[in-house]
Amino acid sequence: MALNKNKTYDRVSYYYDSEVGNFHYGPGHPMKPFRIHLTHDLVINYNLYRSMSIYRPRLLTAKEMTTFHSEEYISFLSSINPDNYFQQKYKFQLEQFTLGPKSDCPIFDGMFEFCQRSVGGSVDGALRLCYDKCDTAINWSGGFHHAKKSESSGFCYVNDIVLAIIELLKHYERVLYIDI
């Protein structure tokens with residue numbers, strides 16, 4: 001749903017979820033989702049929002065995540081939390097999916113919800129591009145391109161870039177992705 005109803009701004013779609021910056025990877029971890037709030041503050045304070053439509057992304061469902069990720073991996077992500085990850089029954093999966101205290105992808109409160117929130121804007125932006133609703137889609141809370149089909153990596157749990165590209169390939173022959 002657009003927060004800015006002026007049609008002239010619809011060519012740039014900016015996705016922002018005010019909750020995504022409230023998650024915390026844990027003490028001492030270099031990933032700081034709070035920086036997403038700071039980025040949004042810059043967008044507002046420099047009046048950049050006047051040149052775009054602002055959208056709150058939807059939470060991506062586990063089923064949607066399995067268009068790239070394995071069902072087993074997404075099911076595990078949605079069930080693991082700081083209260084249960086130490087149980088013996090999860091030991092193999094923590095290693096298999098490279099999660100937990102020995103990984104750069106820790107288990108933290110609301111981890112799966114964080115994934116749903118951060119990934120939703122990238123997929124929604126891709127859909128707006130596909131249906132010619134915008135020329136540019138921005139999701140500062142995305143960019144988790146290190147996550148693999150069945151493995152977390154590089155602070156990334158769900159690969160929003162691949163999920164967005166999958167949507168784009170339904171409408172376009174080729175997609176060029178550049179990681180800056």
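Refer to the preceding data block for the structure.
Now for a description of the structure that goes with this document.

With that out of the way, let us pick up the packing of aromatic side chains. What describes a pair of aromatic rings is the distance from one ring centre to the other and the angle between the planes of the rings. Overall, the coordinates contain 13 aromatic pairs when judged by the stated rule. Consider the rings of Y14 and Y16, whose centres lie 6.4 Å apart with planes at 15 degrees: the pair is stacked. Here Y16 falls in the buried class, since its relative accessible area comes to 14%. Aromatic rings pair up to connect F23, Y25, F108, F114, F144 and Y157 into one cluster. Stacked on the ring of F68, the Lys or Arg K149 has its end atom at 5.7 Å from the ring centre.

Unlike most non-glycine residues, N47 shows phi in positive territory, near 60 degrees. Examined against the element boundaries, N47 turns out to sit in the loop between α1 (35–45) and β2 (53–55). Its relative accessible area of 35% is what places N47 among the partly exposed residues. For T98, which is not a glycine, the phi torsion comes out positive at approximately 50 degrees.

Right, let's talk about the nonpolar core for a bit. Counting residues in hydrophobic clusters, the biggest one holds 36 residues, and the most contacted among them are L77, L99, Y157 and V158. Of all the elements in the fold, those that place two or more residues in this core are α1, α3 (71–79) and α5 (111–130). When residues of this core are assigned to their parent elements, the largest contribution, six residues, is made by α5.

What follows covers α1. For α1, the complete set of buried residues consists of I36, H37, H40 and V43. Projected onto a plane normal to the axis of α1, the buried residues spread over an arc of 115 degrees and lie on a single side. Count one or two residues on from α1 and you reach N47, which has phi positive near 60 degrees.

What counts as what
- Residues numbered from 1 in each chain as written.
- Predicted model: local features only at pLDDT ≥ 70, side-chain atom pairs only at ≥ 80, totals over all residues.
- Heavy atoms only, no water.
- Phe/Tyr/Trp six-rings, centres within 6.5 Å; stacked < 30°, edge-to-face > 60°.
- Buried < 20%, exposed > 50% of the residue type's maximum accessible area, 1.4 Å probe, protein only.
- Lys NZ or Arg CZ within 6 Å of the ring centre and 35° of its normal.
- Helix = DSSP H or I, 4+ residues; strand = E, 2+ residues; numbered from the N terminus.
- Core = buried A, V, L, I, M, F, W, Y, C linked by side-chain atoms within 4.5 Å.
- Arc of directions from axis to C-beta.

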